[in-house]
Structures are given as structure tokens and as C-alpha cells.
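Here's the letter readout for the chains.
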Amino acid sequence: MSRSIVMARDGDKLAKSTLVDQLRPRISRMASYYSRCTGEDADDLLQEAWCGLLESLPNVDIEIGSPEQFLIQRARWKMLDSIKRAKIRRCVPIDPEDAQFVRPCHSDQIVGETTVLEFTGKLKSTQKQILFCLMRGMTWRETGDALGFTSANVAYHVKQIRREYEAWSD
């Protein structure tokens, strides 16, 4: 298995195809399991898993641990990130009867934006970047990848942002 992973990592299309065929049962079962647990579409999760696996293929180091487990772990993480994003985007629709009572209030939006700008003005530039990524719905891992940090560094900065917010809000 390690030999085919090395060949696939180096760009051999036949080795990639072989690797995909070898991992297909495990990845498919994992997608089916998470689909049953979360209600997400199994095919969508499977697609995310393959994207995660194939994106991480160039980063495989066969000298460390099990390269097969490394690839499966990256597929699982990509699936779980997809589930998390879908859960965040999901919301309850408004009943047409209740919609008549909802009216747009632009002053609340202006106050909210002003408050966010006031608070973010107190943050360091790295903290601002992390905060804005997280506010856009990115996970800590995605934020770290986008900004060149590890998720542990993002966690550290989030703690600092929380402390700053607590001090600011009091």
C-alpha cells in the first residue's frame, strides 16, 4: 500500500486510481455512517471526503505512521468540516403568516456594524484577520490554512480575542 501511495503522491495516475479503488470501501462506509448520523446526503459527504483525501495526497510522509490512516483522517476531517458548515447554514424558514410582522430595521444593522468596528479597532491585525475568517463561517482549521497558521495558533488567538472582548464589553 505504501508503494502505491508514494507513486500516487508523485503523480502516477494509475497508482492514484489503484489507491482510490483500495480506499473506496472504507471511505464509502464512513460517508454512509456520517450521513445516517447527521442527515446529510451521503454522496455529498463522499465527494468532500475524496476532495480531502486527494488534496492531502501530496503531503503524505510515508516515514511517519501509516500513510493510509493519514489519508483517511484527512478525508474524515473534510467530511466533518462539511457537516459543520451545513449545520451553520441551516435555519428554520419563516412562516408566511409571521412574515408580515417582520420588518427591516436598518438602525440595528448600523449599530451592530459600528459596534463590530469599534471592537475590532482594539485588536491586533492577526486577530482581526482570524476574527473576520471565523465570522464568515470558516472553521479554525480552514482559518489556519487560509492565514498560514496551525489550528492551535488560531485557538490561542481566539482566546486572546475573547479576553479582549470581555474587557471591552465590561
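Our subject is the structure listed above.
None of these values were measured; they are calculated from a predicted model. (Residues numbered from 1 in each chain as written. Predicted model: local features only at pLDDT ≥ 70, side-chain atom pairs only at ≥ 80, totals over all residues. Heavy atoms only, no water.)

As for the packing of aromatic side chains
Per the stated rule, a full pass over the model turns up four aromatic pairs. For the ring pair phenylalanine 119 and tryptophan 168, a centre distance of 5.4 Å and an interplane angle of 55 degrees mean the geometry is tilted. One end of the pair, phenylalanine 119, is in helix α6 (residues 106-120); the other, tryptophan 168, is in helix α9 (residues 151-169), with 49 residues separating them in the sequence. Accessibility expressed as a relative area gives 7% for phenylalanine 119, which makes it buried. Residue tryptophan 168 is classed as partly exposed on the basis of its relative accessible area, which comes to 21%. Seen from their ring centres, tyrosine 165 and tryptophan 168 are 5.7 Å apart, and the 40 degrees between their planes marks the pair as tilted. (Phe/Tyr/Trp six-rings, centres within 6.5 Å; stacked < 30°, edge-to-face > 60°. Helix = DSSP H or I, 4+ residues; strand = E, 2+ residues; numbered from the N terminus. Buried < 20%, exposed > 50% of the residue type's maximum accessible area, 1.4 Å probe, protein only.)

A closer look at the nonpolar core
Formed by 21 residues in total, the largest nonpolar core has its most connected members in Leu23, Ile27 and Leu71. Taken together, the elements giving at least two residues each to this core come down to α1 (2-9), α2 (13-38), α3 (42-56) and α4 (67-89). (Core = buried A, V, L, I, M, F, W, Y, C linked by side-chain atoms within 4.5 Å.)

Topic: α4
With 23 residues, α4 should reach 33 Å at 1.5 Å per residue; the first-to-last C-alpha distance of 33 Å fits that figure. Within the sequence span of α4, burial applies to Pro67, Glu68, Leu71, Ile72, Ala75, Met79, Asp81, Ser82, Ile83 and Ala86. Where α4 is buried, its residues contact α1, α2, α3 and α8 (140-147). (Expected span 1.5 Å × (residues − 1). Contact = heavy atoms within 4.5 Å.)

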